Amino acid sequence: REKDNKYKTWMPKFLTAKEDKDRRKSSNDTERNIFSAMKSNTEKSKKMEKEEKYFREKFMYDKEIKVINTATAECSVPSKRRVDLPVTAGEQLDVIDVTEGSAVICRNSEGRYGYVLVEHLNFR
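What counts and how
- Residues numbered from 1 in each chain as written.
- Predicted model: local features only at pLDDT ≥ 70, side-chain atom pairs only at ≥ 80, totals over all residues.
- Heavy atoms only, no water.
- UniProt positions renumbered as here; feature names shortened; annotations may be inferred.
- Pairing = 2+ DSSP bridges.
- Helix = DSSP H or I, 4+ residues; strand = E, 2+ residues; numbered from the N terminus.
- Phe/Tyr/Trp six-rings, centres within 6.5 Å; stacked < 30°, edge-to-face > 60°.
- Buried < 20%, exposed > 50% of the residue type's maximum accessible area, 1.4 Å probe, protein only.
- Axes fitted to C-alpha atoms, helices over the stretch in contact; angles between N-to-C directions.

The name given to the protein in an unreviewed UniProt entry is FYN-binding protein 2, and the organism recorded there is Pluvianellus socialis. As its UniProt record puts it under Subunit (unreviewed entry), the protein is described as follows: "Interacts with SKAP1, LCK and FYN. The phosphorylated form interacts with LCP2."

So, in structure tokens, the structure goes:
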């Protein structure tokens, strides 16, 4: 018996522990994860609806909200007015509407709306 243990190959514990951990997972754990994801999605959609309602009131926007194009912010720009949308460099924005000036109405990933100057955007 001692000789068998002497020549036994060494196996790292973290590899075997991971396999055991996968076996120990039950279907109840996965169900809980699904429900928590659904809960966060409903909270996010409620927040998006609230932002859209606020946008329609603030901008007096009664048209249907359609995404015309997507753009990437070239640089970070803080908002100077309440109607401007603060953007960070590399942020993906949905272009909703084009205005008469050099600004467009955009929506960020959080669902917030506002004006962004065209010179700060990179269209693909």
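Next, the rest of the story.
(A) The arrangement of the pairing of strand β4 (residues 113-117) in detail. Pairing of strand β3 (residues 103-107) with β4 involves five bridges; the strand directions are antiparallel. By the bridge assignment, Ala103 is partnered in β4 with Leu117. Connecting β3 to the antiparallel partner β4 that follows it, the hairpin turn spans five residues, and Gly111 within it adopts a positive phi of roughly 95 degrees.

(B) Local environment of the packing of aromatic side chains. Using the criterion set out here, one finds four aromatic pairs in the structure. With centroids separated by 4.9 Å and ring planes inclined at 45 degrees, the aromatic side chains of Phe55 and Phe59 adopt a geometry described as tilted. Residue Phe55 and its partner Phe59 are located together in helix α3 (residues 27-59), separated by four residues, close to a single helical turn. Taking relative accessible area as the criterion, Phe55 reaches 1% and is therefore assigned buried. Given a relative accessible area of 14%, Phe59 falls into the buried group. Taking the centre distance of 5.1 Å and the plane angle of 45 degrees together, the rings of Phe55 and Tyr61 count as tilted. Among the aromatic residues, ring-to-ring pairing joins Phe55, Phe59, Tyr61, Tyr113 and Tyr115 into one connected group.

(C) Structural detail: the sheet that holds β4. With antiparallel pairing, five strands are arranged side by side in an open sheet as β4-β3-β2-β1-β5. Taken across any chain shown, the strands that pair with only one partner, and hence form the sheet edges, are β4 and β5 (121-123). Averaged over all adjacent pairs, the angle separating strand axes in this sheet is 50 degrees, with direction ignored. In the sheet, strand β2 (residues 92-98) pairs with β3 via four bridges, with the strands oriented antiparallel. Counted as the bridge partner of Val95 is Cys106 from β3.

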